[in-house]
Amino acid sequence: MSDTTFYKLKVAAVEPETAQASTITFDIPEGQKELFQYAQGQYLTLKFDINGKELRRAYSLCSSPFIDAKPMIGVKRVVNGIVSNHINDSVKVGQEIDVMPPQGNFTTEINPEVAKDYFLVCGGSGITPIYSIIKSVVEREPKSCVHLIYGNMNEDSIMFKDQIDQLEQKYKGQLTVTHVLEKPNERKEGGFLGMFAKKIVDWEGLKGRIGAKLIKSIYNEKRDPSKGIECFLCGPAGLMRTGEDTFKSLEIDEKHIHAEWFSTEPVSKEGAITNDGAKAIVQLNGKKIEVNLLPNETILDGLLRIDEDPPYSCMSGACSTCVCKIKSGHAEMERCLALSDDEVTNGYLLSCSAIPTTDVIEISYDE
């Protein structure tokens, strides 16, 4: 299992990317460099004490382990988002932040000898891990080609715009970028005293939302059947569903379709998992813990209720920080966006979403 301990890292730089997003760079102490080695597309979990309450959030690395000297995360403000707004408003250079070592399976092995087509579909801040993947592939896998489809509201909300433009020029023929804007910026021109002015849209790229038709069009235009293939999706839930369904309809093997969920869809009350309570026997950090779960309570919530310290981050089934393994008994997950079908079949659970369906369940975080 990965290390779920928090370590204090010093902020090396804070750089605005847009009016609503910043990049945070961390210094890694000499003795912790091995702990914080990462693969492109992984994430860091940060812990804050805000107004006396402990809050954890997972943020994707936007840096490349092959190019960038220090790890960087991208953080975009979320409406009413306590942590994202705190980071953008308050985090300063030199400040120490509690950070868990890198985690996540939104990645693939980089091999300079292979040739693949990478189709990357993202929206908004979903570019963060995608940007890490782009930089890594074009630099270390020269026989591969990368095709990015990136959706935003308008020009002002495009994260890493200048950097991506520069990469597209530097790796011309290897990297292609398609921007899609829902509502491009408008300006007024002409008229009399501001009246009857004509609205001008300078944006010459695609307008609207990313849909199946666009994904298929770019796939059919760029796909080289002689190459391997990897598809990566990150963004709003609707875009994720569209992307997954589209790539599956193109008969791409599911093991080559990678999804990183930043947001989750509400759980339907119809067919929701229910129980009258259960006993959970938990192996955590080398010790055995027993907790009597309340009706319909998840394993993670039960452990937090009795002041234990299990690993967790998103609390919504979108990351894999809280993963554990069933030793006996059974549980169902309200949502599971971070584990593969094979992992679930082999007994792994996201404890933030797992509700026991047997009177007793035994699980381990330690393997």
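Residues numbered from 1 in each chain as written. Predicted model: local features only at pLDDT ≥ 70, side-chain atom pairs only at ≥ 80, totals over all residues. Heavy atoms only, no water.

**Q** Explain the nonpolar core to me, using residue names and the numbers behind them.
**A** Counting 30 residues, the largest nonpolar core has Leu120, Ile127, Ile130, Ile134, Val146, Leu148 and Leu175 as its most contacted members. Those elements that place two or more of their residues in this core are β7 (116-123), α2 (127-140), β8 (145-152), α3 (161-170), β9 (175-181) and β13 (228-235). In terms of residues, this core owes the most to one element, α2, which gives 7 residues. If near-sequence neighbours (up to four positions away) are discounted, Leu120 is found in contact with Ile130, Ile134, Val146, His147, Leu148, Ile149 and Phe232. Core analysis: the next-biggest nonpolar cluster, separate from the first, contains 25 residues, Ile299, Val323, Met333 and Cys352 among them. (Core = buried A, V, L, I, M, F, W, Y, C linked by side-chain atoms within 4.5 Å. Buried < 20%, exposed > 50% of the residue type's maximum accessible area, 1.4 Å probe, protein only. Helix = DSSP H or I, 4+ residues; strand = E, 2+ residues; numbered from the N terminus. Contact = heavy atoms within 4.5 Å.)

**Q** Can you break down helix α5 (residues 237-249) residue by residue, with the values?
**A** With 13 residues, α5 extends 18 Å from end C-alpha to end C-alpha; this agrees with the ideal 18 Å at 1.5 Å per step. Of the residues making up α5, those classed as buried are Ala237, Leu239, Met240, Gly243, Glu244, Thr246 and Phe247. Where α5 is buried, its residues contact β7, α4 (212-222), β13 and β14 (257-261). Glu251, located one to two residues past α5, shows a positive phi value of around 65°. (Expected span 1.5 Å × (residues − 1).)

**Q** Can you break down unusual backbone geometry residue by residue, with the values?
**A** In the Ramachandran plot, Asn80 falls in the positive-phi region, its phi being about 65° despite a non-glycine side chain. Within the element layout of this structure, Asn80 appears in the loop between β5 (72-76) and α1 (82-90). A positive phi angle is found at Asn296, which is not glycine, with a value near 65°.

**Q** Break down the pattern of salt bridges for me, with residues and values.
**A** If you walk through the whole model with that rule in mind, you get 17 salt bridges. Taking the shortest distance from any N to any O, the salt bridge between Glu230 and Lys116 comes out at 2.9 Å. On the criterion of sequence distance, the pair formed by Glu230 in strand β13 and Lys116 in strand β7 is long-range, its members being 114 residues apart. Both residues of the pair, Glu230 and Lys116, count as buried. For the salt bridge of Glu290 with Lys279, the shortest nitrogen-to-oxygen distance reads 3.2 Å. One end of the pair, Glu290, is in strand β16 (residues 287-293); the other, Lys279, is in strand β15 (residues 278-284), with 11 residues separating them in the sequence. A network of salt bridges, in which partner residues are shared, links Glu54, Arg56 and Asp309. (Salt bridge = Lys/Arg side-chain N within 4 Å of Asp/Glu carboxyl O.)

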